[in-house]
Amino acid sequence: MTKPIVRIHNIETNEVIDREMTDAEFEAYEADQLAVAKAAEEAKAKAQAKSALLAKLGITAEEAALLLG
Amino acid sequence: MGAPLGFKTFATGDILTAGDANGYLMQGVWVFASAAARTSAVTSPQEGNMSFLKDTNSVEYYDGAAWVAVGGSGGLTLLSTTTLSGATVTIPSIVQTYKSLRMVIYGVTNATANGVMRIAPNGNTTGSSYVSTDSVGASFVSSVNRVTYLNLGTTAWSRTATNNVATVQIDNYTSSTNYKPMNAYGFAEETGGSVMSFNIGGAFVSNTAVTSLVFSNAGGNLSTGTVLLYGVN
């Protein structure tokens, strides 16, 4: 399987190297992508829960903000 | 190389000696490819010598002990222009001769998915390495966040919109004893055409000098984008 490409720019020589990730880099990359996906899911679930609660209360987000202000 | 002799107005009939040539005529602004080339060519610089370095476009004078930039020690020096591409982009071996680093990042898109643009000094993503308070749009987020990257904003940048720009500064970056203050401000299009402005202040919570910068986008592979890296004195 082809791993993602990483770029390294040596600014002393202006040399640019594009290479595949090493195994360790790929492992860290996959863990990071999982964490990003998990955070996105959590944010989506939170937004849905918020919408559901507002609907249950019968108020808008602006009205809820007024109550909390 | 002869020592500078000052200024002389030659009169008709004067004899131009080797000493005159070396002391008067050779005292212009010498042009070299780099500081290394200058060191090789000028083995005994004299106070008052001037040079221009093509790699950094800098004019410097010799103060008797060292080559010093004309115009004082302050100012910005463009260190590099880097094109973003791939899952990560690393700028290694950053010189340690400035007070601060400043970056201007713009035109970022990525091939995979929407995601926030982010930076990891020294590639450090070992959790809670960055503290920040954020001002996004009109709302100020007063809580302090401890996160694994310096995130440029709080929500995903549109992966296809090129209308984004961020300025990031890291102060005291050479310190091996103190944390590094950081701030970032900018603008990005989000998904669905909405836009986000951000203003983030915080610190890189590390006692290690910043010698490299790693750029990535939480959405995946970078397609386009430019990073201008400046050294600040």
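Above this note sits the structure.
A few points on the structure. From a predicted model like this one, the values you see are computed outputs, not experimental measurements.

Once that is clear, we can look at a nonpolar patch on the surface. Residues Val29, Val59, Tyr61 and Val70 of chain B make up a contiguous nonpolar surface patch of roughly 300 Å² in combined accessible area. Relative to the helices and strands, Val70 of chain B is located in the loop between strand 4 (67–69) and strand 5 (76–83).

Moving on: helix 1 (residues 23–57) of chain A. Look at helix 1 of chain A: 51 Å from first C-alpha to last across 35 residues, which is about the 51 Å you get at 1.5 Å a residue. All of the buried residues in helix 1 of chain A are Phe26, Tyr29, Asp32 and Leu54 of chain A. Each element contacted by the buried residues of helix 1 of chain A is listed here: helix 2 (61–68) of chain A together with strand 8 (117–121) of chain B. Trailing helix 1 of chain A by a residue or two, Gly58 of chain A shows a phi angle of about 75°, which is positive.

The subject of this paragraph is the nonpolar core. Grouped together as the largest cluster of nonpolar side chains are 35 residues, with contacts concentrated most on Met103, Ile105, Leu152, Leu213 and Phe215 of chain B. Taken together, the elements giving at least two residues each to this core come down to strand 6 (88–91), strand 7 (100–110), strand 8, strand 12 (165–171), strand 13 (180–189), strand 14 (195–204), strand 15 (213–217) and strand 16 (222–232) of chain B. Ignoring anything within four residues of it in the chain, the contact list for Phe215 of chain B reads Leu84, Ala87, Thr88, Val89, Ile91, Met103, Ile105, Met117, Arg118, Ile119, Leu222 and Val227 of chain B. With 5 residues, the next largest nonpolar core counts Val6, Met21 and Tyr29 of chain A together with Ala87 of chain B among its residues.

Attention now goes to the pattern of salt bridges. Residue and element names in this part refer to chain A. Applying the stated rule across the entire model yields 5 salt bridges over all chains. Put simply, Asp23 and Lys3 hold a salt bridge, and the shortest N to O gap is 3.1 Å. Pair noted here: Asp23 is in helix 1 and Lys3 is in the segment before strand 1 (5–10), with a separation of 20 residues, a long-range link. The exposure class assigned to Asp23 is exposed, which follows from its relative accessible area of 58%. Notably, a salt bridge pairs Glu25 with Arg19, separated by 2.9 Å at the nearest N-O pair. Using a relative accessible area of 28% as the deciding quantity, one classes Arg19 as partly exposed.

Pairing is mixed in the open sheet, where 6 strands are placed in the order 2(A)-1(A)-6(B)-15(B)-8(B)-11(B). Of all the strands in the sheet, just strand 2 (15–20) of chain A together with strand 11 (150–151) of chain B have a single pairing partner and so form its edges. In this sheet, strand 15 of chain B lies alongside strand 6 of chain B in antiparallel orientation, the contact comprising 4 bridges. Directly across from Ile91 of chain B, in strand 15 of chain B, lies its bridge partner Leu213 of chain B.

Before going further, it helps to examine the interface of chain A and chain B. Taken together, the contact between chain A and chain B spans 14 residues of the former and 22 residues of the latter. Both sides of the chain A and chain B interface together cover about 1300 Å² of buried area, and 53% of this is carbon and sulfur. At the junction of chain A and chain B, the tally comes to 1 salt bridge. Counting across the interface, chain A meets chain B through 9 residue pairs in polar contact (both at pLDDT 80 or more). Looking at the side of chain A that touches chain B, the elements that each hand over two or more residues are strand 1 and helix 1 of chain A. At 6 residues, strand 1 of chain A tops the list of elements feeding residues into the side of chain A that touches chain B. Here the residues of the side of chain A that touches chain B are counted per class, giving 8 nonpolar, 3 polar and 3 charged.

About the cut-offs
Residues numbered from 1 in each chain as written. Chains lettered and ligands numbered in written order. Predicted model: local features only at pLDDT ≥ 70, side-chain atom pairs only at ≥ 80, totals over all residues. Heavy atoms only, no water. Patch = residues over 30% accessible without salt bridge, like charges linked within 9 Å, V, L, I, M, F, W, Y side chains within 5 Å. Areas by Shrake-Rupley, 256 points an atom, 1.4 Å probe, with all protein chains shown as cover. Salt bridge = Lys/Arg side-chain N within 4 Å of Asp/Glu carboxyl O. Helix = DSSP H or I, 4+ residues; strand = E, 2+ residues; numbered from the N terminus. Expected span 1.5 Å × (residues − 1). Buried < 20%, exposed > 50% of the residue type's maximum accessible area, 1.4 Å probe, protein only. Contact = heavy atoms within 4.5 Å. Core = buried A, V, L, I, M, F, W, Y, C linked by side-chain atoms within 4.5 Å. Pairing = 2+ DSSP bridges. Buried area = accessible area lost by both parts, 1.4 Å probe. Polar contact = N/O pair within 3.5 Å; in protein donor to acceptor, adjacent residues only side chain to side chain. Nonpolar A, V, L, I, M, F, W, Y, C, P; charged D, E, K, R; others polar.

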